[in-house]
Amino acid sequence: MKVVVGIPSYNNADTIGYVVKQAAEGLKKYFGGGIIVNADGGSTDGTRDVVLSTKVPQGVEVHSFVYKWPIPGKGSAMKEIMEFARERDADAVVFVDSDLRSITPEWIYKFAEPIEKGYDFVAPLYLRHKWDGTITNNIAYPMTASLYGYDIRQPIGGDFGISAKMIDLYLKDEEVWKTDVARFGVDIFLTTTAIANKKKVVQVSLGMKIHNPKDPAASLGPMFNQVVGTLFMLMKRYEKVWRDVKEIRAVETWGEEVRGEPEEVKVTLELLKRKSKELFEKEKDILRKILSGETFNGVVKALESFEFPDELWARALFDGAVAYKNGVIKNAEPLIPLYFAKTADFVIKTVDMTTIEAERLIRERARTFLKEKSYLIERWFT
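Quick notes on the rules
- Residues numbered from 1 in each chain as written.
- Predicted model: local features only at pLDDT ≥ 70, side-chain atom pairs only at ≥ 80, totals over all residues.
- Heavy atoms only, no water.
- Helix = DSSP H or I, 4+ residues; strand = E, 2+ residues; numbered from the N terminus.
- Buried < 20%, exposed > 50% of the residue type's maximum accessible area, 1.4 Å probe, protein only.
- Contact = heavy atoms within 4.5 Å.
- Phe/Tyr/Trp six-rings, centres within 6.5 Å; stacked < 30°, edge-to-face > 60°.
- Lys NZ or Arg CZ within 6 Å of the ring centre and 35° of its normal.
- Salt bridge = Lys/Arg side-chain N within 4 Å of Asp/Glu carboxyl O.
- 1 Å grid on protein atoms, 1.4 Å probe; cavity = no way out; pocket = protein on both sides within 12 Å on 5 of 7 lines; lining within 4 Å.
- Points joined across faces, edges and corners; volume = space filled by probe spheres on them.
- Nonpolar A, V, L, I, M, F, W, Y, C, P; charged D, E, K, R; others polar.

## With respect to the environment of W177
Okay, so step 1: Looking at where W177 falls in the secondary structure, it is placed in the loop between α6 (164-171) and α7 (186-196).
Okay, so step 2: Since its relative accessible area comes to 0%, W177 is described here as buried.
Okay, so step 3: With sequence-adjacent residues up to four places away left out, W177 is seen in contact with W69, I71, G75, K79, M82, Y170, L171, A182, V186 and F189.

## Notes on the packing of aromatic side chains
Okay, so step 1: Scanning the model with the defined rule gives 15 aromatic pairs in all.
Okay, so step 2: On the numbers, 5.9 Å between centres and 35° between planes, the contact of W107 with Y126 is tilted. Taken together, the positions of W107 in helix α4 (residues 105-116) and Y126 in strand β5 (residues 121-127) put the pair 19 residues apart, joining distant regions of the chain. In this structure, W107 and Y126 share a single accessibility class: buried.
Okay, so step 3: Consider the rings of F224 and Y339, whose centres lie 5.0 Å apart with planes at 20°: the pair is stacked. Here the residue F224 occupies a position in helix α9 (residues 221-237), and Y339 occupies one in helix α14 (residues 336-350), the gap between them amounting to 115 residues.
Okay, so step 4: Site record: aromatic cluster; members linked through ring pairs are Y170, W177 and F189.
Okay, so step 5: Directly above the aromatic system of Y119 lies the positively charged group of K200, at a separation of 4.5 Å from the ring centroid.
Okay, so step 6: The ring of Y150 has R249 sitting right over it, with the charged end atom 4.5 Å from the ring centre.

## Side note on the pattern of salt bridges
Okay, so step 1: The final tally for this structure, using the stated rule, is 31 salt bridges.
Okay, so step 2: R101 is the salt-bridge partner of E263, the closest N and O atoms lying 3.4 Å from each other. Placement of E263 in the loop between β8 (253-254) and α11 (269-290) and of R101 in the loop between β4 (92-95) and α4 is noted, with a sequence separation of 162 residues between them.
Okay, so step 3: Across the salt bridge formed by R315 and E372, the nearest N and O atoms sit 2.6 Å from each other. One end of the pair, R315, is in helix α13 (residues 310-325); the other, E372, is in the loop between α15 (355-371) and α16 (373-380), with 57 residues separating them in the sequence.
Okay, so step 4: R315 gets classed as partly exposed once you look at its relative accessible area, which sits at 27%.
Okay, so step 5: Among the charged side chains, a network of salt bridges with common partners joins E307, D310, K342, D345, K349 and R365.

## Here's the deal with the layout of surface pockets
Okay, so step 1: Roughly 270 Å³ of volume is contained in the second largest pocket.
Okay, so step 2: Lining the second largest pocket are 20 residues, with Y126, L127, E257, I356 and E359 positioned closest to its centre.
Okay, so step 3: Looking at the lining of the second largest pocket, the elements that each hand over two or more residues are β5, β7 (201-208) and α15.
Okay, so step 4: With five residues, the top contributor of residues to the lining of the second largest pocket is α15.
Okay, so step 5: Among the residues forming the lining of the second largest pocket, the class breakdown is seven nonpolar, six polar and seven charged.

Put into structure tokens, the structure is as follows:
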């Protein structure tokens, strides 16, 4: 099987060499060789030099280029990696993030092997610290599971395996790559497109994910906008697919889930609270138009105490999706203060919990979103 490992990057000189080395060893050990391709966003720290100077086993090719797609972002890098893989007649593409510190050669095998067995899309299943992946835990996971009925725990995990035929599916609509799919919207696009087109999907257990996480209050606002805006855009595209989904079903998983306590992720709770209140004041007028009266009043109350129930949160996101569909908003930015408030609520609730204990709350959140789905259906289709 011909495997291409794609690594998008931007100023990752301090971590990418390790990722290249592990990927190269995985390709050699399990597939007798293969191709590593780095698509870079114009790094100024020597990222590409590190890639090209990393020693790899014989039989492994390493390429690095600056992607040409005009929109700067992770999606643009992945688009050109897929085009490269198609030119090379690859059977499988494995995408891995450039800041991974927990990647092993086995990851390459785990992402590519299911493709050889007939799967089209391989999603990661990691153990992540309870405060890592706040956009995943609060939005991408419960929304994807409740809408489409697939219990994929990491729909925006960053690392994926895809079959050759998925490349054609992802690249066929050039227009979609002119949206936030070219940025951080790409992961939710890959996952949702695979599910909505009834492709064969599997999760692979990878153990702990250790990378360079971001403090949500300090740096995740733009990512939220790009991910959630793409999620809303895909809801419009696939409304006939999710409309009648009434249950969340388990997705086949290869390997056992790992237990333990991952490296702690720091969250600045006071900054989350302050930003949510400040931004709410700024966005208050548009939020009155987006949210139903009852939801708006519930949010005002939640911002006083940072007690933000999942039922209210589901309705706020569903209201946001309807507002996007109806052209009231063009992106998800007005919802950022609510995301900060919900994240603060989760941090407060889980401060004394282990990651495994906190995980139960996240899984339960998806079920709550499913229960509230009738609210979405009523508002979306009337």
